[in-house]
Amino acid sequence: MGLRLHNTLTKRVEELVTREAGKAAIYVCGPTVYDVTHLGHMRAAVVFDVLRRYLEFRGYQVMHVQNVTDVEDKIIARAQAEGVPTDAITVRYLEDYRQASRALNVMPPHVEPHASQHIPEMIEMIKKLVEGGYAYDAEGDVYFDVSRLPQYGKLSGQLPGELRAGARVEPGEHKRHPADFAVWKHAKPGEPNWDSPWGRGRPGWHIECSAMSLKYLGMGFDIHGGGDDLIFPHHENEIAQSEAYAATQPFARYWVHNAMVMVRGEKMSKSLHNYIAVADALGRFPADVIRYALAAVHYRKPMEVDEARLQDAAKAVDRLRIALASAETILARAGSRSTDGPASRLLRKAAESARTAFTAAMDDDLNTSSGLAAVFELAAEMNRVTDQVLKGGTDATETTPGLREAREALRTITAILGLRLDSAADEDLARRVRDLAVSLRQEAAQLFSEQPGQTLDEIVAFILAGREQARAKRDFATADRIRTRMAEAGILVDDLPTGPKWRIATDGRRPTADASGPRA
RNA sequence: GGCGGCGUAGCCAAGAGGCAAGGCAGGGGUCUGCAAAACCCCCACUCCCCGGUUCGAAUCCGGGCGCCGCCUCCA
């Protein structure tokens, strides 16, 4: 059995059967670039990134299209408030979004169409809608006539007659029905505008996604994704326009929606000003930790995000990192020698179980929580074996083939969730590590007369060598002082029977993090 | 008012008819100069409440209570 996904269209979990076998065409609603990127945006990005990575793992060739809304009321309002061109706003916040995505290891979409660059396609579409009688011109505004489309409401369950009367009509509008929505808006002074058969103006919000998804993926593409706050009216209206335009159904085969990120019981949003900016979160926690927190909860369940949640995530990520690092240590010790001993066979079995359990969990509507349970069980098995080796009960060489397999399984699975578990691959962490090196050089210079090397590894090794001398002399006061100061700098030292081992702290104790904390 | 979702241990969170995954926190132990990490053991007779169906329900049905989202821009 293959991947099953919850389809908002049917409100059921269904087996994914793509338009073309082995290929998956996905359109995800991207950001409106008018303000800083917050964790809510990144939840959507991470959810669909995990979907994409999992589809690829399952052998699909994925085509991922994600739009950028760069023509929109809020952008215009912000530009006017700041007295700058709208481009200045969209460029600034698109860059912010891209940085956040890159930091969180979100793969860039294959195509990233901008609304502003697809005006002709939208006009073309609107023309055909007007010709077909699905849309009407009302003094320079063009509205979609929802009464013309029998299937209107099939996604959201919102039927035109039941929409709260008058709720959507603003003064100066000339809609025939309250549920009709704008596909073209006449230009107001100072707004970006384009020529059209209905006079100068700009497209309505929904039309861009119809025009761009159809252009790059075509009618009947596989998965349309986005936040569940987009179900109505945005996605309902996309369906209406697209199916009226194409005169066929369906516009998209599966509709996948992620639930919202919550802050103290309320949806995190720009308009409520209760958001945590990704840039701020990254100042306090490594990307892996944020990514873990966002991916660990099932995507259709609203999730609360706060400091405590991120602390928990940091501990969980640490556990995986330590399991991996310990395995590397044992593998390095075993070198090329290997015997497929009992420990090795046990690990091979554990790796196989983990892969099977993870795949089963992910096949079931991307059940990442359940999948993570499999990951932790594997990590525990690896730890049991490495523990035995470190305690001298098992020879490292007896673990090798199985341990290698277990390590690969752990790497493969966590990579699907987008975790790197490796400081070097984490841009933000790497930057912090460089800062650490600088502060530690000063620290080392105070502690010892000799000068350490340049890299963090060299510096830490230098300090730890000095500390070991103190320990050998049973000068524990000095040894403990050094360990404490290193911890303050963000380097945690574990004195194992085999000697000291260090790691970079992943919790909130970040040496270079500014103290401002998340916005609230 | 309409549409939809959720309520599982101190916290987070899977499970959706057959002995309640996993993470964090907590308690005890092994190891250790100490700390940390790791490992071992313990930590929900019970899943918001009340009825019902069933040999059997956290899971199905009915009725409550509480919370949230959408119906206006939103990931």
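The name an unreviewed UniProt entry assigns to chain A is Cysteine--tRNA ligase, from the organism Candidatus Segetimicrobium genomatis. The Subcellular location (unreviewed entry) comment attached to chain A in UniProt states, word for word, "Cytoplasm". The record held by UniProt for chain A lists under Sequence similarities (unreviewed entry) the comment "Belongs to the class-I aminoacyl-tRNA synthetase family."

This paragraph deals with the domain arrangement of chain A. As assigned here, chain A comprises domain 1 (4-294), domain 2 (307-421) and domain 3 (425-504). Contacts between the two partners involve 23 residues from domain 1, matched on the other side by 25 residues from domain 2. Between domain 1 and domain 2 the total buried area reaches about 2300 Å² when both faces are included, carbon and sulfur atoms providing 62% of it. Broken down residue by residue, the surface that domain 1 buries against domain 2 is led by Tyr 54, Asp 288 and Tyr 292, which jointly contribute 31%. For the pair domain 1 and domain 2, the interface holds three salt bridges. Between Arg 284 and Glu 307 there is a salt bridge, with its nearest N and O atoms 2.6 Å apart. If you look at where domain 1 meets domain 2, you find 13 residue pairs in polar contact (both at pLDDT 80 or more). Contributions of two or more residues to the side of domain 1 that touches domain 2 are made by β1 (4-7), α1 (39-57), α3 (86-103) and α8 (287-295).

With that out of the way, let us pick up the pairing of strand β9 (residues 221-227). In terms of residue burial, β9 counts as a mostly covered element, since seven of its seven residues are buried. Where strand β3 (residues 23-28) lies against β9, three bridges are found, and the strand directions are parallel. Bridge pairing in β9 places Ile 26 opposite Ile 223. Bridging between β9 and strand β10 (residues 252-258) involves six bridges; their strand directions are parallel. When the bridges of β10 are listed, Gly 227 appears paired with Asn 258. Read as a crossover between parallel neighbours, the route from β9 over helix α6 (residues 231-246) to β10 is right-handed.

Once that is clear, we can look at the nonpolar core. Taken as a class, soluble globular proteins show a tendency for nonpolar side chains to be buried jointly. In this structure, Leu 51, Leu 55, Ile 223, Ile 290 and Tyr 292 are the most contacted members of the largest nonpolar core, which totals 95 residues. A domain split of this core shows at least three residues from each of domain 1 (4-294) and domain 2 (307-421). In this structure, Ile 119, Phe 181, Ile 207 and Ala 211 belong to the second largest nonpolar core, which totals 41 residues.

Attention now goes to the layout of surface pockets. To find leftover empty space, a probe the size of one water molecule is rolled over the atoms. Here the second largest pocket is characterised by a volume of approximately 900 Å³. Surrounding the second largest pocket, 33 residues form its lining, Arg 321, Ala 325, Lys 501, Trp 502 and Arg 503 being those nearest its centre. Elements with a contribution of two residues or more to the lining of the second largest pocket: α9 (307-334), α11 (368-390), α13 (427-447), α14 (456-472), β14 (491-496) and β15 (499-504). It is α9 that provides the largest number of residues to the lining of the second largest pocket, a total of nine residues. The residue inventory of the lining of the second largest pocket, partitioned by class, reads 15 nonpolar, seven polar and eleven charged. Two domains each provide a minimum of three residues to the lining of the second largest pocket, namely domain 2 (307-421) and domain 3 (425-504).

In terms of strand pairing, β14 meets β15 through six bridges, oriented antiparallel. Across the sheet, the residue bridging to Asp 495 is Pro 500, located in β15. The turn joining β14 and β15, which pair antiparallel and follow one another in sequence, is formed by two residues.

How each quantity is defined
- Residues numbered from 1 in each chain as written.
- Chains lettered and ligands numbered in written order.
- Predicted model: local features only at pLDDT ≥ 70, side-chain atom pairs only at ≥ 80, totals over all residues.
- Heavy atoms only, no water.
- UniProt positions renumbered as here; feature names shortened; annotations may be inferred.
- Domains from an automatic or database assignment.
- Contact = heavy atoms within 4.5 Å.
- Buried area = accessible area lost by both parts, 1.4 Å probe.
- Salt bridge = Lys/Arg side-chain N within 4 Å of Asp/Glu carboxyl O.
- Polar contact = N/O pair within 3.5 Å; in protein donor to acceptor, adjacent residues only side chain to side chain.
- Helix = DSSP H or I, 4+ residues; strand = E, 2+ residues; numbered from the N terminus.
- Buried < 20%, exposed > 50% of the residue type's maximum accessible area, 1.4 Å probe, protein only.
- Pairing = 2+ DSSP bridges.
- Right-handed = clockwise from strand over helix to strand, strands pointing away.
- Core = buried A, V, L, I, M, F, W, Y, C linked by side-chain atoms within 4.5 Å.
- 1 Å grid on protein atoms, 1.4 Å probe; cavity = no way out; pocket = protein on both sides within 12 Å on 5 of 7 lines; lining within 4 Å.
- Points joined across faces, edges and corners; volume = space filled by probe spheres on them.
- Nonpolar A, V, L, I, M, F, W, Y, C, P; charged D, E, K, R; others polar.

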